[in-house]
Amino acid sequence: MREENFTQTPEPLISNSADEATIRNLFQQLIDSWNRGNGNAYAAVFIEEADYVAFNGDHSKGREAIARQHQQLFDTFLKGTRLRGEVKSLQFLSPNIALVHAIGGTLMSWQSDTAKPGRKSIQTLVATKHEGEWRFASFHNTRIQPLGIGTIASGVTNLLWQRLFCRSK
Amino acid sequence: MALKIFQCINLFPIALGTGVSLSLLLQSPAKADSLSEVLPLVRGNHHRDGIITNSRLWSTTQQEEAAIEQVVQKMQDGHNSRNGKLFASAFAREHDYIVIDGTFLPKITRQDNARSHQELYDSDRTSSLGGNLGEVGMQLNVAKIRFLTPAIAVVHIQSHSYLESDPDKKAKNIITTVMQKREGKWEIVAFHNAPVQKREEDDFGFVIDIEGFEDENADTNVNKNEYFLPK
């Protein structure tokens, strides 16, 4: 962050296993906080001025807003829900900045732990290390949409993209 | 400026014509006669985030912001001229791309991105806005730039797409990108696109409508006049 100078070349991409473990643990903290229904703990994994874009496009700014809005959700719509998720990829853009993609899904209050989580989503997160502490600076969530009637009617979506992008592989 | 659009967005069903409440970044006025009025360019707030505070860095920061705006412009111009290569020139040689429906394309190449978009532009696929994809315009506006380091930034972009023959048919997305300056050039290393949905809509509906929306969740502590600068 501040200690880094303007640079014309990328930082060496140091993939530090301790840092990687810390970041994965940070994501797990986010999940655990959801499952405890604790908005403050959920927001604590973010930096003070974090940007949080929810699946519906809502953009929350700041840890306090993230805490407050999630506590409201945990007390109402999300009451009793359990979040399941995992980090799918993690890359260091610099020694102090990591780009993280994760996938999550929720179990509703009436579902058993062995049920298949629904409402699957994918997140892009950016983690930053400041004064030795890793926190998330940004979060953007998108629902993974099944190929439903609507999407079929409108053309092709993920299948098209996968076909297009995978052709040369 | 005549604008058109790249789109994954228009591959999706979009219901138009019903009222909606949505909040996206710092919102635009509730109603405007043209897209350019609907789409404010938001700037300035990132200076207060405490990341870049040294006044000696100020002009450099503005230069970097301008360079980042140019990257976004490339995507817009690439789409609007149906030029997949130009569109993809905004991206790093290898980058992560999350399509609007949540499809994750990790580490795709700039060439694959260019080719895929070119195929979309050249196809006669029907857009969900009506018409085909070649008739959809796109306007991208940088809503917020946050420098995590002088060479790494999180950039939020508002995306508005519309049917050129019928601009009332339009849709709204929010894009988060992570950009990095590599060898003197800002590039997108991660792109995450998502529809702005109607609140309390069902989980799978891309029901988007910006007609007469009320910005119920706007940050009321913000003096909007400071942020809405004409492009």
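Residues and elements named next belong to chain B. With 58% of its residues at a pLDDT of at least 70, chain B reaches an overall mean of 67. In the predicted structure, residues 1-53 sits below a pLDDT of 50 and forms 212 contacts with residues beyond four places in sequence or in another chain. Every residue in residues 199-231 scores below 50 in pLDDT, and together they form 93 contacts with partners more than four places removed in sequence or on other chains.

Here strand β2 (residues 91-98) of chain B runs beside strand β3 (residues 104-109) of chain B; their pairing, made up of four bridges, is antiparallel. Within β3(B), the position partnered with B:I98 by the bridge is B:F104.

Turning our eyes to something else, we now look at the pairing of strand β5 (residues 152-163) of chain B. All names here are of chain B. In terms of burial, β5 is largely enclosed, as twelve of its twelve residues are buried. Here β5 shows two buried faces, one formed by I152, V154, H156, Q158, H160 and Y162 and the other by A153, V155, I157, S159, S161 and L163. Pairing between strand β4 (residues 136-149) and β5: twelve bridges, direction antiparallel. From the neighbouring strand, V136 faces β5, where its bridge partner is L163. Hairpin connection, β4 to β5: the antiparallel pair is bridged by two residues. Note: β5 against strand β6 (residues 166-182), twelve bridges, orientation antiparallel. Bridge pairing in β6 places I152 opposite Q180. Between the antiparallel neighbours β5 and β6 lie two residues.

This paragraph deals with helix α3 (residues 63-75) of chain A. Residue and element names in this part refer to chain A. An ideal rise of 1.5 Å per residue puts 18 Å on 13 residues; α3 measures up with 18 Å between its terminal C-alpha atoms. Taken together, the buried positions of α3 are occupied by A65, I66, A67, H70 and F74. Where α3 is buried, its residues touch α1 (17-36), α2 (39-43), β1 (46-53) and β2 (59-61).

Turning our attention to α1(A). Residue and element names in this part refer to chain A. Compared with an ideal rise of 1.5 Å per residue, which puts 20 residues at 28 Å, α1 spans 28 Å between its outermost C-alpha atoms and is within 8% of the ideal. Where α1 begins, the side chain of N16 points an oxygen toward the backbone nitrogen of A18, at a separation of 2.7 Å. At the exit of α1 stands G37, carrying a positive phi of roughly 65 degrees.

Within the largest apolar cluster, 41 residues are counted, with the highest numbers of intra-cluster contacts made by A:I23, A:F27, A:L30, A:Y42, A:F46, A:F136 and B:V178. Per-element tally for this core: the top contributor is α1(A), with six residues. Apart from the residues within four sequence positions on either side, A:F46 is in contact with A:L30, A:Y52, A:R63, A:I66, A:R135, A:F136 and A:F139. Within the second largest apolar cluster, 26 residues are counted, among which are B:Y97, B:V99, B:Y121 and B:I157.

Criteria and thresholds
Starting from 1, residues in each chain are numbered consecutively following that chain's sequence as written. The naming scheme follows written order: chains are lettered A onward, ligands numbered 1 onward. Local features in this predicted model are restricted to residues whose pLDDT is 70 or higher, and side-chain atom pairs enter the listing and the counts only when it is 80 or higher, whereas totals over whole chains, interfaces and linings include all residues. Side-chain measures were taken over the full set of non-hydrogen atoms in the model, leaving aside hydrogen atoms and water. Per-residue confidence from the predictor is given as pLDDT, running between 0 and 100. Two residues qualify as a contact provided that any one of their heavy atoms is within 4.5 Å of a heavy atom in the partner residue. Criterion used throughout: strands pair if DSSP finds at least two bridges between them. Helix and strand definitions follow DSSP, with helices as H or I runs of at least four residues and strands as E runs of at least two, each counted in order from the N terminus. Throughout this description, buried means an accessible area under 20% of the type-specific maximum (1.4 Å probe, protein chains only), exposed means over 50%, and partly exposed covers the range between. A helix is expected to span 1.5 Å multiplied by its residue count minus one. By the criterion applied in these results, polar contacts are pairs of N or O atoms within 3.5 Å in which, for protein atoms, one can donate a hydrogen and the other can accept it, and in which residues neighboring in sequence qualify only through two side-chain atoms. What we call a nonpolar core is a set of buried Ala, Val, Leu, Ile, Met, Phe, Trp, Tyr and Cys residues that are connected through their side-chain atoms within 4.5 Å.

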